[in-house]
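Structural description and commentary
Letter by letter, the chains look like this.
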Amino acid sequence: EVATIVMQSVSEVKLCSLATQKSQNADVRSLCRKASADSAKTAIAGLQLEQTLGASGVKLQPSPDTPTVLDSLAQYSGEAFDREFLLTEIQNGAGDEQDVRYAAEFSADRAVKSYEDGVLPKIENRVALAEGALRRLGEP
């Protein structure tokens, strides 16, 4: 599960990098600054945890579906990009939150559970920021 969180975090950094280039919305850029910083820290902490636990093979790489998501978002510009990006953030964040919450509930290792419990508020905050930005764009 830690490796999955690391991949999700690297994916988030890549998505926010695209949004930083394409977005014209201050809320989206602000969300991305916070999400990128949080996700980078989460990825590094996960990598360090895996090394502490003796795991090998964990790499700072994005989730396998990230290139497809990036390609899809790259087709948009302006307000349409911001809307699609925020919808993606909300959808991905909800899925990430559900996965991490489930894993934390059943994690037998205290260090892993602590890591997962620390990641959850960051994901919840990212989703809340994306929902607020989407509402300010005038989306239901």
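Residues numbered from 1 in each chain as written. Predicted model: local features only at pLDDT ≥ 70, side-chain atom pairs only at ≥ 80, totals over all residues. Heavy atoms only, no water.

Glancing now at the packing of helix H1 (residues 2–22) against helix H4 (residues 78–106). Across the interface, H1 lies against H4 with an axial gap of 12 Å and an inter-helix angle of 170°. Classified by the angle their axes make, H1 and H4 are roughly antiparallel. Residues Ile5, Gln8, Glu12, Leu15, Cys16, Leu18, Ala19 and Lys22 of H1 touch H4, and the partners they reach there are Phe81, Phe85, Glu89, Asn92, Asp96, Asp99 and Val100. Residues belonging to the contact of H1 with H4 are distributed by class as follows: 8 nonpolar, 2 polar and 5 charged. (Axes fitted to C-alpha atoms, helices over the stretch in contact; angles between N-to-C directions. Helix = DSSP H or I, 4+ residues; strand = E, 2+ residues; numbered from the N terminus. Parallel < 35°, antiparallel > 145°, perpendicular 65-115°, else oblique. Contact = heavy atoms within 4.5 Å. Nonpolar A, V, L, I, M, F, W, Y, C, P; charged D, E, K, R; others polar.)

Moving on: H1. Over its 21 residues, H1 extends 30 Å from the first C-alpha to the last, a length consistent with the 30 Å expected when each residue adds 1.5 Å. When we look at burial in H1, the residues that qualify are Val2, Ile5, Val6, Gln8, Ser9, Val10, Ser11, Glu12, Leu15, Cys16, Leu18 and Ala19. Those residues of H1 that are buried lie in contact with helix H2 (26–52), helix H3 (66–74), H4 and helix H5 (110–136). (Expected span 1.5 Å × (residues − 1). Buried < 20%, exposed > 50% of the residue type's maximum accessible area, 1.4 Å probe, protein only.)

Let us look at the nonpolar core. Counting 17 residues, the largest nonpolar core has Ala19, Val28, Cys32, Leu73, Phe81, Phe85 and Leu86 as its most contacted members. Sorting the residues of this core by element identifies H1, H2, H4 and H5 as the ones contributing at least two each. Apart from the residues within four sequence positions on either side, Phe81 is in contact with Leu18, Ala19, Lys22, Ser23, Leu73 and Tyr76. In terms of nonpolar packing, the next biggest core, distinct from the first, is built from 15 residues, Val10, Ala43, Tyr115 and Val119 among them. (Core = buried A, V, L, I, M, F, W, Y, C linked by side-chain atoms within 4.5 Å.)

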